[in-house]
Amino acid sequence: MKPSLNRRQFLGGAALLAPGTLVPNITSANNSIKSVQPLAKPRRTMYFNDARHYYLYAFDPPLSMKDAWRPVDELTGTSVNTLIYGVETGGLFSDTKVGIRAMSQLRPFQGAHYWRAWYNMQSLIDRGLDPLRVLIDRAHEHELDFIISMRMGGGPRDPRYQIGTSGSLAGAGGRHRQENNPDFAQKPVRDLRFAWIEELASYPVEGIEFDFAYTPFYFKPNQIKDHMSLMTEYVRRLSEMVRSKGPNRIVGARVFPTESMNRALGLDVKAWVEQKLVDYVAPLYYGYFLLDPNLPFESLVTIAHRSGAEVYPVLQPYFLEHSEHATPAMLRAAIANYWSKGADGLIVGPWFPWPFREEERTLLTEIGNPAIVKESNKHYFISPRLKDAAELGYNHPLPLNLKSAHPELKEDITFYAADDFRSNRVGRVRLLLRVRNLVAADEFNVFLNKQSLAGESLRRTSHRYDFQWLEFTLNKIRPRQGSNTLSVQLRSRPEGLEGGVTIDQSELLVEYNQPQSVSVRPDFL
């Protein structure tokens, strides 16, 4: 078995990638890193398994060893080199001697999934096996690094130490009400989680991840600012303890997408990376679950890279709503954007179709190779606004309501696209807008980076009275590589029609010229 990647190599991985580029620039490697020892493998691709939905919930007990090893074995042959295991749901998915076991407070069980999880763990314990150690050892057999992820806002909710202030966010991670969350200003709350994490850090793993993104509530609303330094000192205490368990221990933090959003919730991520309390941050909004090719994590890249830390954004699984999975082309668009924005690697969440089909295995292979993604077809889109996320600072420009016609007023929709549209390898670029309450007689104007698209080919289709799709084929005016601004204007409406229109979808389809088989022809009608 090859040696595991140590912490110094892990942090050196960012030096091998030129931030903001899609393809690694090996010539930029730092000589001091080379003098230690060459990288054993690139630290780019992590897979997060939450222990439940596609593992302990999925099988009837007793759990066979084949199924016990499944979270590791299903990743072999892909680009994934690190398994992140979510070990907490009201307790620990381990044979804990310090905390309580997950699901223990739900007995007798009302749901089959809880019953399965409990007795699957028990079936391993009855054989003298720790469910967590089974996965760690299997991961190392397959040369995968193993990081334990602990939900910081999880665990028991002792009513004596809860926030107690009313409020809720339906879309927040865990969907908990604010008043029921543990108040981290209380020492017993911090000490209990410290003891749990100390036990977890005693396992032979490569690192520990503190999951602060699971819930946005850590303090009473009027005490957040005063307790921000308290949380930083708590992270310091945890980090020092984890690193004391071994010289190469990696410490990560799952956080919200922007620096300002984290600060508003009492998480001073800038201080954490500047004081080298964490080695990486993983931005996401947990309860959103929608793939966001425009995830605004650039501020975290800036502060992390300045201090030698790394950024690992999390890929979410769904397109526009939770009932439809993103296509491979959509995932490639997000992957390309994340690499281009300076991500040092990517984390794939556990909510994709399972058991893995060929499509999922292809994703897990492509995700670790920017060169493959670079000239593959992509489907960019604007994710919809979620009220709760917007209230916390994670906003989206759609849906956009133009309330009435106006001869001068334009509204902007910003988006990011990683492709180099000047390349002759780009065969076709199409911009799609779905507009509600639009009629053909409206003077509706569209601009890309201040250039009118009136001269581009437009195909318009009406879908009952609900909406129209506008499909522009962009031959003369194409997006820029990077940030772009799409402007829309409802200049006038026909006589007798007032009110406005709503743009609720905006998509960009990028197709590359590729060699074709002699058996392939243009599509039939």
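Note that this is a predicted model, so its numbers are computed, not measured. (Residues numbered from 1 in each chain as written. Predicted model: local features only at pLDDT ≥ 70, side-chain atom pairs only at ≥ 80, totals over all residues. Heavy atoms only, no water.)

A. Region of the structure containing the sheet that holds strand S6 (residues 280-283). Strand order in the open sheet made by the nine strands is S7-S6-S5-S4-S3-S2-S1-S9-S8, with parallel pairing throughout. With one partner strand each, in any of the chains shown, strand S7 (310-311) and strand S8 (314-315) form the two edges of the open sheet. Summarising the sheet, S8 and strand S9 (residues 346-348) pair through two bridges and their orientation is parallel. For leucine 315, the partnering residue across the bridge sits in S9 and is valine 348. In this fold helix H8 (residues 187-201) packs onto strand S3 (145-151) and strand S4 (207-211), with an angle of close to 170° to the strand it touches most, S3. (Pairing = 2+ DSSP bridges. Helix = DSSP H or I, 4+ residues; strand = E, 2+ residues; numbered from the N terminus. Contact = heavy atoms within 4.5 Å. Axes fitted to C-alpha atoms, helices over the stretch in contact; angles between N-to-C directions.)

B. Broad picture of the environment of serine 202. Within the secondary structure, serine 202 sits in the loop between H8 and S4. Judged by relative accessible area, which is 48%, serine 202 ranks as partly exposed. C-alpha separation for the pair serine 202 and valine 242, spaced 40 residues apart in sequence, amounts to 8.3 Å. A polar contact is formed between the side chain of serine 202 and the backbone oxygen of glutamate 198, at a distance of 3.0 Å. (Buried < 20%, exposed > 50% of the residue type's maximum accessible area, 1.4 Å probe, protein only. Polar contact = N/O pair within 3.5 Å; in protein donor to acceptor, adjacent residues only side chain to side chain.)

C. Spatial organisation of unusual backbone geometry. Residue proline 108 follows arginine 107 across a cis peptide bond; omega there is -5°. Secondary-structure assignment places proline 108 in the loop between strand S2 (82-86) and helix H6 (112-125). In this chain, leucine 398 is followed by proline 399 through a cis amide linkage whose omega measures 5°. Structurally, the position occupied by proline 399 is in the loop between helix H16 (387-391) and strand S11 (400-402). In this model, glutamate 143 sits at a positive phi of 60°, which is unusual for a non-glycine residue. Within the secondary structure, glutamate 143 sits in the loop between helix H7 (131-141) and S3. Given a relative accessible area of 32%, glutamate 143 falls into the partly exposed group.

D. Spatial organisation of helix H14 (residues 358-366). For H14, the full list of buried residues reads Glu360, Leu363, Leu364 and Glu366. Along the axis of H14, the buried residues cluster in a sector spanning 165°; they form a single face. (Arc of directions from axis to C-beta.)

E. Main features of the side chain of threonine 78. Looking at the element boundaries, threonine 78 is found in the loop between helix H5 (70-73) and S2. Separated by 3.2 Å, the side chain of threonine 78 and the backbone nitrogen of valine 80 make a polar contact. Once residues lying within four places of it in the same chain are set aside, the contact partners of threonine 78 are Arg361, Leu364 and Thr365.

F. Examining the layout of surface pockets more closely. The volume enclosed by the second largest pocket comes to roughly 220 Å³. Forming the walls of the second largest pocket are 15 residues, and the residues nearest its centre are Asn294, Pro296, Pro397, Thr414 and Phe415. Ranked by the residues each element gives to the lining of the second largest pocket, the list is headed by strand S12 (residues 411-417), at three residues. For the lining of the second largest pocket, the class distribution of residues is six nonpolar, six polar and three charged. (1 Å grid on protein atoms, 1.4 Å probe; cavity = no way out; pocket = protein on both sides within 12 Å on 5 of 7 lines; lining within 4 Å. Points joined across faces, edges and corners; volume = space filled by probe spheres on them. Nonpolar A, V, L, I, M, F, W, Y, C, P; charged D, E, K, R; others polar.)

G. Broad picture of the nonpolar core. Counting 152 residues, the largest nonpolar core has Tyr85, Phe146, Met152, Phe210, Trp272, Phe444 and Leu508 as the members making the most contacts within it. Here the element with the most residues in this core is helix H13 (residues 328-340); it accounts for eight residues. Contact partners of tyrosine 85, with chain neighbours within four places excluded, come to Phe48, Asn49, Ala51, Tyr55, Leu56, Phe93, Leu132, Leu135, Phe146, Ile147, Ile148 and Ser149. (Core = buried A, V, L, I, M, F, W, Y, C linked by side-chain atoms within 4.5 Å.)

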